Amino acid sequence: MSGKNQRNGSSNRPRVLYLSHAPDDIYDVVRRMAGDEVDLVLMDSNDDVARCAAIADCDAVIVASYRLTGQHLAAAKKLQLVHHQGVGWHDTTDWQTIRDRDIKLAITLSGSTISVAEHTLMLMLAACRHLSHADAELRKGKWLVNALRTRSREIMGRTVGIIGMGRIGSQVAERLLPFGTKGLYCDPNVTLDNATEKRLNITKTDFNTLIATSDIVTLHLPLMASTHNIISKDILDKMKPGSILINAARGGLVDEVALDAALRCGHLQSAGLDVFEGEPPSNDNPLLSNPVCILTPHIAAGTRDALEQKLAAVFANIKGFFDGQPLENEIDLHQHED
Ligand code: NAD
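Now for a description of the structure that goes with this document. Along each chain, numbering runs from 1 in the same order as the chain's sequence is written. Owing to the predicted nature of the model, reporting of local features is limited to residues with pLDDT of at least 70; listing and counting of side-chain atom pairs is limited to 80 or more, with chain, interface and lining totals taken over all residues. Here the side-chain values reflect all heavy atoms present in the structure, with hydrogen atoms and water set aside.

Our next topic: the sheet that holds strand E12 (residues 293-295). The sheet built from seven strands is open, its strands ordered E8-E7-E6-E9-E10-E11-E12 with parallel pairing. Sheet topology places strand E8 (202-204) and E12 at the edges, where each strand pairs with a single neighbour. For this sheet the average axis-to-axis angle between neighbouring strands, irrespective of direction, equals 15°. DSSP-based pairing: two strands are paired if at least 2 bridges between them are found. In this text, helices come from DSSP runs of H or I with a minimum length of four residues, and strands from runs of E with a minimum of two, each type numbered from the N-terminal end. Bridge count for strand E6 (residues 159-163) against strand E9 (residues 216-219) is four bridges, and the pairing is parallel. Opposite Val 160, over in E9, you have Ile 216 as the bridge partner. Where helix H11 (residues 256-264) meets the sheet, it contacts strand E10 (243-247), strand E11 (268-273) and E12, and its direction lies at approximately 140° from that of E11. Helix axes use the C-alpha atoms of the stretch in contact, all axes being lines fitted to C-alpha atoms, and the angles between their N-to-C directions lie in the range 0 to 180 degrees. The contact rule is simple, with two residues in contact once any of their heavy atoms fall within 4.5 Å.

Here a cavity is any set of points on a 1 Å grid over the protein atoms alone where a 1.4 Å probe fits but cannot get out, and a pocket is any open set with protein on both sides within 12 Å along at least 5 of 7 lines; a residue lines the site when it has an atom within 4 Å of a point. Grid points are joined across faces, edges and corners, and a volume is the space filled by probe spheres set on the points. Within this model, the second largest pocket holds a volume of roughly 220 Å³. If you go around the second largest pocket, the residues you meet are Asp 274, Phe 276, Glu 279, Pro 280, Pro 281, Pro 297, His 298 and Ile 299. Looking at side-chain class alone, the lining of the second largest pocket contains five nonpolar, one polar and two charged residues. Amino acids outside the nonpolar list (Ala, Val, Leu, Ile, Met, Phe, Trp, Tyr, Cys, Pro) and the charged list (Asp, Glu, Lys, Arg) are all regarded as polar, and Gly is one of them.

For each residue, the test is whether any non-hydrogen atom lies within 4 Å of the molecule or strand; if one does, the residue is near. What surrounds the ligand is a group of 25 residues, the closest being Arg 167, Ile 168, Asp 187, Asn 189 and Asp 274. Side-chain atoms alone can form a polar contact between residues adjacent in sequence; in general such a contact is a pair of N or O atoms within 3.5 Å, and within protein one must be able to donate a hydrogen while the other accepts it. One of the backbone nitrogen or oxygen atoms of Arg 167 is found 2.9 Å away from an oxygen atom of the ligand. Contacts to the ligand include Asp 187, whose side-chain N or O atom sits 2.7 Å from an oxygen atom. By residue class, the composition of the shell around the ligand is 15 nonpolar, six polar and four charged.

This paragraph deals with helix H2 (residues 48-55). Listed in full, the buried residues belonging to H2 are Arg 51, Cys 52, Ala 54 and Ile 55. Buried residues of H2, seen end-on, are gathered within an arc of 160° and therefore sit on one face of the element. Opposite the packed face of H2, turned more than 90 degrees from it, sit the exposed residues Val 49 and Ala 53. As for H2, its buried residues are in contact with strand E1 (15-18), strand E2 (39-42), strand E3 (60-63) and helix H3 (70-75). Two or three places before Val 49, at the opening of H2, Asp 47 has a side-chain oxygen 3.2 Å from that residue's backbone nitrogen. Each residue is placed in one exposure class: buried if its accessible area under a 1.4 Å probe, protein chains only, is under 20% of its type's maximum, exposed if it is over 50%, and partly exposed if it falls in between. Working definition: the arc comes from the directions between the helix axis and the C-beta atoms, pointing outward to the latter.

Residues Leu 138, Trp 143 and Val 145 make up a contiguous nonpolar surface patch of about 360 Å² in total accessible area. Examined against the element boundaries, Val 145 turns out to sit in the loop between helix H6 (131-139) and E6. The patch calculation keeps residues exceeding 30% relative accessible area without a salt bridge and links them within 9 Å when they carry like charges or within 5 Å when they are nonpolar (Val, Leu, Ile, Met, Phe, Trp, Tyr). Here the accessible surface of atoms and residues is derived via Shrake-Rupley with a 1.4 Å probe, and residues count as covered only by protein chains that are part of the display. Salt bridge, as used here, is a side-chain nitrogen of Lys or Arg placed within 4 Å of a carboxyl oxygen of Asp or Glu.

Here we take up the nonpolar core. We define a nonpolar core as any set of buried Ala, Val, Leu, Ile, Met, Phe, Trp, Tyr and Cys residues linked to one another through side-chain atoms lying within 4.5 Å. One finds Leu 17, Val 61, Leu 68, Val 82 and Phe 315 to be the most contacted residues of the largest nonpolar core, which totals 44 residues. Every element with two or more residues in this core is listed here: E1, helix H1 (24-34), H2, E3, strand E4 (81-84), helix H4 (95-100), strand E5 (104-106) and helix H12 (304-322). Setting aside anything within four residues of it in sequence, one finds Leu 68 in contact with Leu 19, Ile 55, Val 61, Val 63, Leu 73, Val 82, Thr 92, Thr 93, Asp 94 and Ile 98.

The next subject is the packing of helix H5 (residues 112-129) against helix H7 (residues 167-176). Contact geometry of H5 with H7 gives a least axis separation of 9 Å together with a crossing angle of 55°. By the angle between their directions, the pair H5 and H7 is classed as oblique. Helix-helix and strand crossings are classified by hand; for H5 and H7 the assignment is right-handed. Contacts between H5 and H7 involve Thr 113, Ile 114, Val 116, Ala 117, Glu 118, Thr 120, Leu 121 and Met 124 from the first element and Arg 167, Ile 168, Gln 171, Val 172, Arg 175 and Leu 176 from the second. Grouping the constituent residues of the contact of H5 with H7 by class yields eight nonpolar, three polar and three charged. Angles below 35 degrees are treated as roughly parallel, those above 145 as roughly antiparallel, those between 65 and 115 as roughly perpendicular, and all remaining angles as oblique. Here a crossing is taken to be left-handed if its near helix is turned anticlockwise relative to the far helix by less than a right angle, and right-handed if that turn runs clockwise.

For the structure on display, the rule yields 16 salt bridges. Notably, a salt bridge pairs Asp 39 with Arg 13, separated by 2.6 Å at the nearest N-O pair. With Asp 39 in strand E2 and Arg 13 in the segment before E1, the pair connects residues that are 26 residues apart, well separated along the chain. Classification of Arg 13 as partly exposed rests on a relative accessible area of 35%. One salt bridge connects Glu 137 with Lys 142, and the closest N-O pair in it is separated by 3.4 Å. Of the residues examined, Glu 137 reaches a relative accessible area of 9% and is grouped as buried. One salt-bridge network, held together by shared partners, links Glu 137, Lys 140 and Lys 142.

These results come straight from atomic positions and should not be treated as a statement about function.
Written out as structure tokens, the structure reads:
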């Protein structure tokens, strides 16, 4: 390969670090998707000293769940490209340093959207039916054939409020269509056209109206300084009694202690959470012992289908970039202040 983006070292191939330490079956997919046109560097332990040593002579780094910190970037003297394996770059990269060093940042649009939208629907249905609790109690010999009857709900006819009508939010709206829900959404940057709103039976509104009138609120916006704890105690108090909160976006969007209290006092019916403020959540996180929560370990985008699609797109973009082609899905960091 030859091109305007210069490779370092003696090899003609870009040297690419996969930042997260992952199990062998994931590394098998990473290796398969990388092919032989890059020098792939994989971490054999989750050790940050080794990570800094490994990144020192890399041209590109792939970021997944493990955060790319200022410490890694300080060691990465030759780095030209940070490629996020997914879309949630705001909180998983020290993007201010990436911007200040004029390193490129690209995200991966293919892969995550359908997986997260499907997971969101699953969390909604599971939260409506207290699925985790029913399953856990049955395994302990408790047959809750009637105990949950007056607390379980259907989603047909209920109002679902989508906060963030981007790629995932809009695919959630599409998937709700056959369930016969009514939709509300808020997004400072997106307004669907009239025909789409009509087809999806969904209406744009403001954040406070959505919070006060939705039976199910689902979060699909990025975590930024301005959205940290956007679902605060005050906002939880304003949610409809008996309503449900779904979060497959980022844990820091929700005040977890206040959510636990709102669930335990019965103000909210239940919650479905794929993400936590600290991951994994600490043992004393009260949500872990809250029976009306459906909890999953940040796996909304964690399907083999999504992984293969994402890695194929990541390596195609990296190879193209070092071959002198335009970088796809680049984030213009100079446009971001938050
Ligand atoms: P996107 O950029 O397509 O959509 C996000 C939308 O949120 C944008 O339209 C934006 O305008 C809107 N938004 C920003 N601030 C807002 C606010 N204050 N109120 C309402 N809307 C606001 O991103 P996407 O691909 O739909 O992903 C959404 C989020 O999902 C990501 O930022 C990421 O954190 C999360 N995510 C989670 C997983 C997972 O595994 N759980 C996987 C992928 C993405």
